[in-house]
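Okay, here's what each chain looks like letter by letter:
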Amino acid sequence: MAWQAIVSSPEVAKENKHQIIETEHLMKALLEQKNGLARRIFSKAGVDNTRLLEATDKFIQRQPKVISESSGSMLGRDLESLIQRARDYKKEYGDSFVSVEHLVLAFAQDQRFGKQLFKDFQISQKALKSAIESIRGRQQVIDQGVQPCVGIWSDKCSSKYGRRRPFILAGSLMISVATLDIY
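Cut-offs applied
- Residues numbered from 1 in each chain as written.
- Predicted model: local features only at pLDDT ≥ 70, side-chain atom pairs only at ≥ 80, totals over all residues.
- Heavy atoms only, no water.
- Phe/Tyr/Trp six-rings, centres within 6.5 Å; stacked < 30°, edge-to-face > 60°.
- Helix = DSSP H or I, 4+ residues; strand = E, 2+ residues; numbered from the N terminus.
- Buried < 20%, exposed > 50% of the residue type's maximum accessible area, 1.4 Å probe, protein only.
- Lys, Arg positive; Asp, Glu negative; His and termini not counted.
- Salt bridge = Lys/Arg side-chain N within 4 Å of Asp/Glu carboxyl O.
- Contact = heavy atoms within 4.5 Å.
- Axes fitted to C-alpha atoms, helices over the stretch in contact; angles between N-to-C directions.
- Left-handed = near helix turned anticlockwise from the far one by under 90°.
- Nonpolar A, V, L, I, M, F, W, Y, C, P; charged D, E, K, R; others polar.
- Core = buried A, V, L, I, M, F, W, Y, C linked by side-chain atoms within 4.5 Å.

S.K.: Looking at this structure, how should I read the packing of aromatic side chains?
M.R.: For the structure on display, the rule yields 2 aromatic pairs. Relative to Phe118, the ring of Phe42 lies with its centre 5.9 Å away and its plane at 80°, an arrangement referred to as edge-to-face. Here Phe118 lies in helix α7 (residues 114–120) and Phe42 lies in helix α3 (residues 37–44), a separation of 76 residues in the sequence. Here the two residues Phe42 and Phe118 agree in accessibility, since each one is buried.

Structure, rendered in structure tokens:
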């Protein structure tokens, strides 16, 4: 999830003896989420996640390292710009929160790392948007945690009633019980 990856980025930077948290640290955090949405998006776009993670690691290893113990990490200028672009995508999609798909799309314009990585792997903005559309459909991100999980479950659900209807029914039943419990 987006928040989890953003929070993990400083640890990725620290493990690699980097004082400034940059876009490559966020990409690594996203790719290290097993069964994460970023991996699903890249897979749908025809990209090998293992090779993408290896390329990210190589880029990270080429960056200068801090030898002495540092007092803390700082947010890099490029990561700050990427997060702002992700916020712009959030608005474009009509979502309430920044999600993984917004971050992935924002990497396409990242001057530090993402643009070249996407060029090397021949990842186009069109392919990413198509992959995101096929995974998310017309859903909107209205909360930070529950909706992506339910979305993943419902994407994998196959019942005679469709992918979403069992979840709508379950939600309706829970709301009904909660309403009756109030009165």
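S.K.: In this structure, what is going on with the side chain of Lys90? I would like to understand it.
M.R.: Looking at the secondary structure, you find Lys90 in helix α5 (residues 77–93). Here Lys90 sits buried without a salt bridge, and the closest side chain of opposite charge, Asp88, lies 8.7 Å off (N-O distance). Once you skip the residues sitting within four places of it in the chain, Lys90 turns out to touch Asp95, Ser96, Phe97, Val98 and His102.

S.K.: Just checking my understanding: could you explain the packing of helix α1 (residues 2–15) against helix α2 (residues 23–31) for this structure?
M.R.: The relative placement of two packed helices is expressed as an angle between their axes plus a distance between the axes. Relative to each other, α1 and α2 sit at 115°, their axes nearing to 8 Å. With respect to the hand of their crossing, α1 and α2 are arranged in right-handed fashion. Here α1 contributes Ala5, Ile6, Ser8, Ser9, Val12 and Ala13 to the contact with α2, which in turn contributes His25, Leu26, Lys28, Ala29 and Leu30. In terms of residue class, the contact of α1 with α2 is built from 7 nonpolar, 3 polar and 1 charged.

S.K.: Just checking my understanding: could you explain the nonpolar core for this structure?
M.R.: In summary, soluble globular proteins display a tendency toward joint burial of nonpolar side chains. Of all hydrophobic cores here, the largest spans 40 residues; its most connected members are Phe42 and Phe118. Among the elements that take part in this core, helix α6 (residues 100–107) stands out by supplying 6 residues, more than any other. Residues in contact with Phe118, not counting those within four places in the same chain, are Met27, Phe42, Val104, Phe107, Ala108, Ile123 and Leu128.

S.K.: What should I look at first to understand the pattern of salt bridges in this one?
M.R.: Proximity of charged atoms lets side chains of opposite charge pair with each other. Summed over all chains, the structure comprises 6 salt bridges. Because the salt bridges share partners, they merge into one network encompassing Lys28, Glu32 and Asp57.

The values are spatial; any link to function lies outside them.
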